[in-house]
There are 2 protein chains.
Amino acid sequence: MNTYPESILKLIQSLATLPGIGRKTAERLALHILHAPLHEARTLASDILELKEKVKLCRNCFALSDDDHCRICQNPGRDSSTICVVENPADMAAIEKSGVYNGRYHILGGALSPMDGIGPDDIRLKELFQRIAQHSDDPANNSEPLVNQMVIKENTALQRTRIMEIIIATGTDVEGEATASYISQNLKRNRNITVSRIASGVPMGGDLQYVDQVTIQRAMEGRHGFNI
Amino acid sequence: MNTYPESILKLIQSLATLPGIGRKTAERLALHILHAPLHEARTLASDILELKEKVKLCRNCFALSDDDHCRICQNPGRDSSTICVVENPADMAAIEKSGVYNGRYHILGGALSPMDGIGPDDIRLKELFQRIAQHSDDPANNSEPLVNQMVIKENTALQRTRIMEIIIATGTDVEGEATASYISQNLKRNRNITVSRIASGVPMGGDLQYVDQVTIQRAMEGRHGFNI
């Protein structure tokens, strides 16, 4: 494969390191970039560099952000009494895309996985519990009084609304379940907070005959009346 | 989809302009680049820019090249009496990968397509005929004497061996066939050159029942004895 000049081979190699991009696709992409207008290639290159320079984690929820606080934490329209706990930014993006949730998030950055040596200290569980402790009526941690709701609206980045509910939206695999269970166990003693778990069951539009047994079991266990 | 910060969204948009990369894949790639080591992202960005800066076309055969002449035209080990005519660099790469060909190439940069307004002047046909005229015993164009074969080996980039055969390896679609036919028609009067066309037929490992009728027809027409 020495057909292409060095500079094309180098780009093909770089592109082929990306996930889901094989040698053939990398070759196609490199030839596309070669024939694309110069400004497009420049934009792509600068966007890659800018991404690495600019993006940091939100200090509050650890979502990806260009600023110290992410858009959701900065948005006074979002309900700060609810925190949805997810494993990673892509999960958060999926929930946001659904448009069904108007609260805040907490991104763990992974899930508990003793097999891979990932324990509670390796994901942002401590930060979650701290955040909850600081913003709830937990008797063990109410040294600072809660500020007035009216004041909060003006200083959104630092708002201290009472946290009322934690929705655990970690994955439905073993690691996600273990993490969900760990969080709910830890928050048990805090009676002012409702801890919930997103429902598991048959996906919408799914045909029952193709659904695995565990999902069917979950769907049966989670059955509910028609009035909800 | 305003979940991601601006710099990620920008990269996702840039990546999604690439062929075969949809929004979802672009999102996955952007998140991968975000988590990849900084030097990898820098390499990717610089490879893109370098490609656009460095790559030019070989002055002889119009293959992609970092230099004035491509590796194949510079290689004295390649048989310069045979020219394989292809539509684009990817076709040339495919033939090179097969390892079956040891001659030179001529990259047309497309195929004749009157429907799309691509005529003989829009692809490098003139350059092909000029190249052939300069390097063949065509009586109409032998003002300059052919240099000695021994001298040629020392000055490979400028070698002037006699061209003996043109292998037309344009595509087997309507445009490729039309281009092949146009070239062979134009070279008819030059009796010193053999013009051939790569064979069409049933692909190796192909099951006859899944092969289309036109290919079967070609395979039947192109049948040959077992001794070739």
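The notes below deal with the structure included here. Please read all numbers here as calculations on a predicted model, not as lab measurements.

Basis of the calculations
- Residues numbered from 1 in each chain as written.
- Chains lettered and ligands numbered in written order.
- Predicted model: local features only at pLDDT ≥ 70, side-chain atom pairs only at ≥ 80, totals over all residues.
- Heavy atoms only, no water.
- Contact = heavy atoms within 4.5 Å.
- Buried area = accessible area lost by both parts, 1.4 Å probe.
- Salt bridge = Lys/Arg side-chain N within 4 Å of Asp/Glu carboxyl O.
- Polar contact = N/O pair within 3.5 Å; in protein donor to acceptor, adjacent residues only side chain to side chain.
- 1 Å grid on protein atoms, 1.4 Å probe; cavity = no way out; pocket = protein on both sides within 12 Å on 5 of 7 lines; lining within 4 Å.
- Points joined across faces, edges and corners; volume = space filled by probe spheres on them.
- Helix = DSSP H or I, 4+ residues; strand = E, 2+ residues; numbered from the N terminus.
- Nonpolar A, V, L, I, M, F, W, Y, C, P; charged D, E, K, R; others polar.
- Least-squares fit on C-alpha atoms with pLDDT ≥ 70 in both.
- Buried < 20%, exposed > 50% of the residue type's maximum accessible area, 1.4 Å probe, protein only.
- Pairing = 2+ DSSP bridges.
- Axes fitted to C-alpha atoms, helices over the stretch in contact; angles between N-to-C directions.
- Parallel < 35°, antiparallel > 145°, perpendicular 65-115°, else oblique.
- Right-handed = clockwise from strand over helix to strand, strands pointing away.

Bringing the interface of chain B and chain A into the picture now. The parts lose accessible area when they come together, and the size of an interface is often stated as this lost area. With 53 residues of chain B at the interface, the matching set in chain A holds 53 residues. For the pair chain B and chain A, the summed buried surface comes to about 4900 Å²; carbon and sulfur atoms form 68% of the total. At the junction of chain B with chain A, the criterion picks out 6 salt bridges. The interface formed by chain B and chain A contains 19 residue pairs in polar contact (both at pLDDT 80 or more).

Let us look at the layout of surface pockets. The rolling of a water-molecule-sized probe over the atoms marks out the regions of remaining empty space. All names here are of chain B. Here the largest pocket is characterised by a volume of approximately 640 Å³. Around the largest pocket sit 23 residues that line it, and Thr172, Ala199, Ser200, Gly201 and Val202 are the ones nearest its centre. Listing elements by their share of the lining of the largest pocket, those giving two or more residues are helix 5 (89-98) and helix 9 (213-221). The element best represented in the lining of the largest pocket is helix 9, accounting for 4 residues. For the lining of the largest pocket, the class distribution of residues is 11 nonpolar, 8 polar and 4 charged.

With that out of the way, let us pick up the side chain of A:Thr82. Relative to the helices and strands, A:Thr82 resides in strand 3 (residues 79-86). Here A:Thr82 is in contact with A:Tyr101, A:Gly103, A:Arg104, A:Glu165 and A:Ile167, once residues within four sequence places are set aside.

Further remarks concern empty space enclosed by the protein. Counting across every chain of the model gives 1 cavity of 30 Å³ or more. Approximately 40 Å³ is the volume attributed to the largest cavity. In terms of lining, the largest cavity is formed by A:Ala63, A:Leu64, A:Pro89, A:Met92, B:Thr3, B:Tyr4 and B:Pro5.

So, on to the relation of the copies chain B and chain A. Taken as rigid bodies, chain B and chain A are interconverted by a rotation of 179 degrees and an axial shift of 0.0 Å, the fit giving an RMSD of 0.1 Å. Look at the turn and shift together and you get a two-fold axis relating the two. Measuring from the rotation axis to each C-alpha of chain B, the shortest distance belongs to B:Ala45, at 2.1 Å. When the interface residues of chain B are mapped onto chain A, 100% of them again lie at the interface, so the same face is used by both copies.

This part is about the environment of B:Thr82. Residues and elements named next belong to chain B. A relative accessible area of 10% means that Thr82 is categorised as buried. Once the C-alpha coordinates of Thr82 and Val195 are considered, the two residues, 113 residues apart in sequence, prove to be 9.9 Å apart. In this structure the side chain of Thr82 is engaged in a polar contact, spanning 3.1 Å, whose partner is the side chain of Asp79.

The next thing to look at is the environment of A:Ala180. All names here are of chain A. One can find Ala180 in helix 8 (residues 174-187). Separated by 68 residues in the primary sequence, Ala180 and Leu112 have C-alpha atoms spaced 9.1 Å apart. Excluding anything up to four places from it in sequence, Ala180 contacts Ile168, Thr170 and Arg197.

On to the pattern of salt bridges. Evaluated as defined, the whole model comprises 18 salt bridges over all chains. Between B:Glu50 and A:Lys10 there is a salt bridge, with its nearest N and O atoms 2.9 Å apart. One end of the pair, B:Glu50, is in helix 3 (residues 38-54); the other, A:Lys10, is in helix 1 (residues 6-16), on a second chain. Under the relative-accessibility criterion, A:Lys10 is labelled partly exposed at 29%. Its salt-bridge partner being A:Arg59, residue A:Asp68 comes within 3.5 Å of it at the nearest N-O pair. A cluster of three or more residues bridged by salt bridges with shared partners is formed by A:Lys10, B:Glu50 and B:Lys54.

Moving on to the sheet that holds strand 4 (residues 103-107) of chain A. All names here are of chain A. The 4 strands are arranged 4-3-5-6 in an open sheet whose pairing can be described as parallel. Edge positions in the sheet fall to strand 4 and strand 6 (194-197), since each has one partner strand and no second. Averaged over all neighbouring strand pairs, the angle between strand axes comes to 25 degrees, with direction disregarded. Here strand 5 (residues 165-168) pairs with strand 6 via 4 bridges, running parallel. Looking at strand 6, one finds that Ile168 is bridged to Arg197.

A few words on the packing of helix 3 (residues 38-54) of chain A against helix 3 of chain B. Running from N to C, helix 3 of chain A and helix 3 of chain B cross one another at 170 degrees; their axes reach a closest spacing of 9 Å. When the interaxial angle is binned, helix 3 of chain A and helix 3 of chain B end up roughly antiparallel. For the pair helix 3 of chain A and helix 3 of chain B, the contacting residues are A:Leu38, A:Ala41, A:Arg42, A:Leu44, A:Ala45, A:Ile48, A:Leu49 and A:Lys52 in the first and B:Leu38, B:Ala41, B:Arg42, B:Leu44, B:Ala45, B:Ile48, B:Leu49 and B:Lys52 in the second. Taken together, the residues of the contact of helix 3 of chain A with helix 3 of chain B break down into 12 nonpolar, no polar and 4 charged.

Once that is clear, we can look at the pairing of strand 4 (residues 103-107) of chain B. Residue and element names in this part refer to chain B. Within strand 4, 5 of the 5 residues are buried, leaving the element largely enclosed by the surrounding structure. Pairing of strand 3 (residues 79-86) with strand 4 involves 5 bridges; the strand directions are parallel. Each residue of the ladder has a partner; that of Ile83, found in strand 4, is Arg104. With helix 5 bridging strand 3 and its parallel neighbour strand 4, the resulting β-α-β unit is right-handed.

Just distances and angles here, no functional claims.
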